[in-house]
Amino acid sequence: MTNIDKYKNSFLESLSIEKDVLNDDLKYNDIPEWDSIGHMTLMSSLEDVFQITLETDDIVDFSSYKKGLEILKKYNLSF
Amino acid sequence: MEINDRNIKLMSTIGPRAAFGLGVTDLAKTNKELIVVTCDVSTSAGLDRFRKTYPDQLIDLGIAEQNMIGVAAGISRENFNVITTTFAPFQTTRCCEQIKVNLGYMKEKITMVGLASGLVLGNLGFTHCCIEDVGILRSIPNISIISPSDSLETVKAVEQALKYHQSCYIRITGGSNNPILNHTDYSFEIGKSITLKKGKDVSIISCGSILNECLEAAEELEKKNISTEVVNMHTIKPLDENKILSILENSKLLVSVEEHNIIGGLGTAIAELISSSKQKKPLLRLGVNDKYSKSGSYNYLKNFYGLSTNKIIDNILKFLND
Amino acid sequence: MTQNEKIVTELEEFSKKIRIKILEMALTAGSSSSHFGGALSIVEIVSVLFNYKMNLKKKDDNQWQHRDRFILSKGHACLAYYAALNLKGFISDQQLKSFEKDDSDLAGHPVKNLDLGIDFSNGSLGMGLSLGVGLSIASKLRKIKNKIYVILGDGECNEGSIWEAALSAPKFNLDNLSVIIDRNNFQQTGSNKQILDLGNLNEKWKSFGWETQELNGHSLNEIKNYFDEQKDNHKPKMLIANTIKGKGFSFSENNNDWHHSIMTNKIYEEALKEIES
């Protein structure tokens, strides 16, 4: 699975959403599933899937699908 | 909610309060009789999702804790399963009289959950810490008292408390990135302690998230050839008397460790039990030494009160060498 | 006699019987004393509720869950409560004689005993209204069409917890909650005005969102009509009943010594003569 597929899958699984809900413009709190609990579930999943430990600042800054991609690049991941 | 590695890690990351909220939201899926009564703390209790998903099952009474207990008792009387929750001092000492009359005297069954008990909110000052809750509630009949060791145990404790025959008070300690003490699913029974580490020289009996420091201390003591047992005495009332009496029989030194005043809490409860035994062994009580300190971070306060790993080791070694 | 007159006459009889029972229990209590004055001021309210308005059910009745609930938040007025329960067949004459005796089920404040029809333990002032709010919420959740009645003392309204509950009831549209304040103007050591002035209670409760009314708390006709006219209109109900502490006997009316006092044989005999004439 490519990194971008893994990334998308994390969203789908952690937030329990369908493919058609996931899009590039998705932001935190846009949908009820991406609330604070959903967010932490997503963070956990990304850490697992990519074998990284996210810094607190990055968890707080991770405010959208797009922003997330930017942040993960800091962890030597390419998409 | 499945108890697997990922969820255990998630619950540890989000901390025991949010894990409580997650657990309750999960329970509500199959329990339409579950009602949560709270005082303007739904977000702090991780109950935001519960509030949105089950709006009729969350009764928010605003910042009015005495009313919370009375209202919860009335709802419980009509055979609903009722949980009340707010920050530990407001959940307990603020409405103590209501707890005595409604839960103790009238025996209305409520599961009370005290958020951020102990020292975790120390930087907000002692109005938002709680080192008195166990001591005070222990004196009220018909209420069990539980201090879960980690986020998973918090969820399990709530589940069991709802099924228990009388009211329970569950004091939640620790914050986000709460150390994991239970790495796999296990059976949690109110009143039945769990031995986390075996040992025969020193027995550390503790509860709540401070068990993490106890385990670390035990590992270090082992390196000094002091065989140290660590027991999770999650239920302070009723105490697992059999376990304590067996410790009294077999160990050389009992040590109680709690994020609570050493007056009135777990250490005192153990002292009460062993005082009438013919078997005499020393009990070292570690905890808050009956003083309110200046504010500070969780780690700062743990260290201040001798509850950091190093201070626990030092206190035990000092006692052994005296 | 009209139907209404007939009912009021029956209620007068019932009220008289309650007062005689209160007298007897006060004598039984002997040197333990009893809260005589505060029980006498609620007699008419209790009469209308227990002998006319409330849907009372014994514990073994299959409609027990649908009964109306009664909370004597000013629990020290229990003499009136026990008397009413006795007259309605929940408490026996024998049990009534055990008032404030060792090991009795009838203490100086009500102790929960479902077999005797005592639903709640009261006595620590300020708690009954919250309980009432909870019961009313539960009834709404369960869709039970019953009513919850709470009697508060006026001195009891010093307690902050009363106002917490007062703020919350309108939030939940608890029109099944009917609260009566026994406005007898006295509390333990003096008048309300001397201890802590309550001001205009009617206005206060109205401003909190309650539907309020004020009446003569000893007029059985007024009280009966009030309860007859209650509507399901999403608002909790507050009745300020203007009463006289110690009402019914010349020695106790408006005499705060009778808040909690000893009933002697002599006073008992005189009081009995008075009420029976």
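Residues numbered from 1 in each chain as written. Chains lettered and ligands numbered in written order. Predicted model: local features only at pLDDT ≥ 70, side-chain atom pairs only at ≥ 80, totals over all residues.

## A word on the overall build of chain B
When you go through chain B residue by residue, the secondary structure sums to twelve helices and twelve strands. For 322 residues, the compact-globule formula gives about 20 Å, and the C-alpha radius of gyration of chain B, at 19 Å, lands near that figure. Principal-axis analysis of the C-alpha atoms gives chain B an extent of 60 × 40 × 40 Å. Every one of the 322 residues in chain B was classed for burial, and the buried ones make up 57%. (Helix = DSSP H or I, 4+ residues; strand = E, 2+ residues; numbered from the N terminus. Rg over C-alpha atoms; globule rule 2.2 N^0.38 Å. Buried ≥ 20, exposed ≤ 12 C-beta atoms within 10 Å, placed from the backbone.)

## Brief notes about the packing of helix α6 (residues 128-142) of chain C against helix α7 (residues 160-168) of chain C
Residue and element names in this part refer to chain C. Orientation of α6 relative to α7, taken along the N-to-C sense of each, is 25°, at an axis distance of 8 Å. Taken as axis vectors, α6 and α7 run roughly parallel relative to one another. Handedness of the crossing formed by α6 with α7: left-handed. Taking contact as the criterion, the partners of Leu129, Ser130 and Val133 in α6 are, on α7, Ser161, Ile162, Ala165, Ala166 and Ser168. (Axes fitted to C-alpha atoms, helices over the stretch in contact; angles between N-to-C directions. Parallel < 35°, antiparallel > 145°, perpendicular 65-115°, else oblique. Left-handed = near helix turned anticlockwise from the far one by under 90°. Contact = placed C-beta atoms within 7 Å.)

## Focus: the sheet that holds strand β12 (residues 283-288) of chain B
Residue and element names in this part refer to chain B. Read across the sheet, five strands follow the order β7-β9-β8-β11-β12 without closing on themselves; strand pairing throughout is mixed. The open sheet terminates on both sides in strands that have one partner only, identified here as β7 (194-197) and β12. If you compare each strand with its neighbour and ignore which way they point, the axes differ by 25° on average. One ladder, built from three bridges, connects β7 with strand β9 (residues 228-232); its direction is antiparallel. When the bridges of β9 are listed, Ile194 appears paired with Asn232. Each of β8 (202-206), β11 (253-261) and β12 touches helix α10 (residues 266-275); the most contacted strand, β11, lies at about 140° to it. (Pairing = 2+ DSSP bridges.)

## Digging into the domain arrangement of chain B
Residue and element names in this part refer to chain B. Per the domain assignment, the segments making up chain B are domain 1 (5-171) and domain 2 (194-321). Contributing elements (two or more residues each) for the side of domain 1 that touches domain 2: α6 (133-138) and β5 (143-146). Tallied by class, residues from the side of domain 1 that touches domain 2 come to nine nonpolar, eight polar and four charged. (Domains from an automatic or database assignment. Nonpolar A, V, L, I, M, F, W, Y, C, P; charged D, E, K, R; others polar.)

## Focus: the packing of helix α1 (residues 3-29) of chain C against helix α11 (residues 265-276) of chain C
All names here are of chain C. Remark: α1 packs on α11, axes separated minimally by 11 Å, with the N-to-C direction vectors making an angle of 175°. Between α1 and α11, the angle is such that the two are roughly antiparallel. Residues Lys16, Arg19, Ile20, Leu23 and Leu27 of α1 lie in contact with α11, whose contacting residues are Tyr268, Ala271, Leu272 and Ile275. Here the residues of the contact of α1 with α11 sort into seven nonpolar, no polar and two charged.

## Observations regarding the interface of chain B and chain A
With eleven residues of chain B in contact, the opposing surface of chain A contributes eight residues. Looking at the side of chain B that touches chain A, the elements with two or more residues in it are α1 (5-28) and α2 (48-53) of chain B. If one sorts the elements of the side of chain B that touches chain A by residue count, α1 of chain B sits on top with seven residues.

## Quick notes on the nonpolar core
With 182 residues, the main nonpolar core has Ala80 and Tyr82 of chain C as its most contacted residues. Considering every element that reaches this core, the biggest residue donor is α1 of chain B, with nine residues. Two domains each provide a minimum of three residues to this core, namely domain 1 (5-171) and domain 2 (194-321) of chain B. In contact with Tyr82 of chain C, other than residues within four places in its own chain, are Met25, Ile91, Leu96, Phe99 and Leu106 of chain C. (Core = buried A, V, L, I, M, F, W, Y, C linked by C-beta atoms within 7 Å.)

## As for the pairing of strand β7 (residues 237-242) of chain C
Residues and elements named next belong to chain C. Burial of β7 is extensive: five of the six residues sit out of reach of the surface. Bridging between strand β6 (residues 211-216) and β7 involves six bridges; their strand directions are parallel. Bridging across to β7, Asn216 finds its partner in Asn242. Handedness of the crossover joining β6 and β7 through helix α10 (residues 220-228) is recorded here as right-handed. (Right-handed = clockwise from strand over helix to strand, strands pointing away.)

## Notes on helix α2 (residues 36-50) of chain A
The end-to-end C-alpha distance of α2 of chain A, which contains 15 residues, comes to 21 Å, matching closely the 21 Å that a straight helix rising 1.5 Å per residue would cover. Taken as a whole, α2 of chain A has its buried residues at Ile37, Gly38, His39, Met40, Thr41, Leu42, Met43, Ser44, Ser45 and Leu46 of chain A. Where α2 of chain A is buried, its residues touch α1 (3-14) and α3 (56-61) of chain A together with α1 and α2 of chain B. Trailing α2 of chain A by a residue or two, Gln51 of chain A shows a phi angle of about 55°, which is positive. (Expected span 1.5 Å × (residues − 1).)

## Quick notes on the interface of chain B and chain C
Taken together, the contacts link 20 residues of chain B with 19 residues of chain C. Listing elements by their share of the side of chain B that touches chain C, those giving two or more residues are α3 (65-77) and α5 (96-105) of chain B. Per-element accounting of the side of chain B that touches chain C gives the leading share, nine residues, to α3 of chain B. Class assignment of the residues belonging to the side of chain B that touches chain C gives a composition of eleven nonpolar, six polar and three charged.

## As for the sheet that holds strand β10 (residues 235-237) of chain B
Residues and elements named next belong to chain B. Overall, mixed pairing links the seven strands, which are arranged β2-β1-β3-β4-β6-β5-β10 in an open sheet. One side of each edge strand has no neighbouring strand; the edge strands of this open sheet are β2 (58-60) and β10. Averaged over all adjacent pairs, the angle separating strand axes in this sheet is 20°, with direction ignored.

## Considering the pairing of strand β4 (residues 111-115) of chain B
All names here are of chain B. β4 sits mainly inside the fold: five of its five residues count as buried. Across five bridges, the pairing between strand β3 (residues 81-87) and β4 is parallel. By the bridge assignment, Thr84 is partnered in β4 with Met112. By the bridge criterion, four bridges tie β4 to strand β6 (residues 167-171) in an arrangement that is parallel. Bridge pairing in β6 places Val113 opposite Ile170.

## Some thoughts on the environment of Lys156 of chain B
All names here are of chain B. Here Lys156 lies in helix α7 (residues 151-163). Note on Lys156: 23 C-beta atoms within 10 Å, which makes it buried. When the C-alpha atoms of Lys156 and Glu259 are compared, they prove to be 21 Å apart, with 103 residues separating the residues in sequence.

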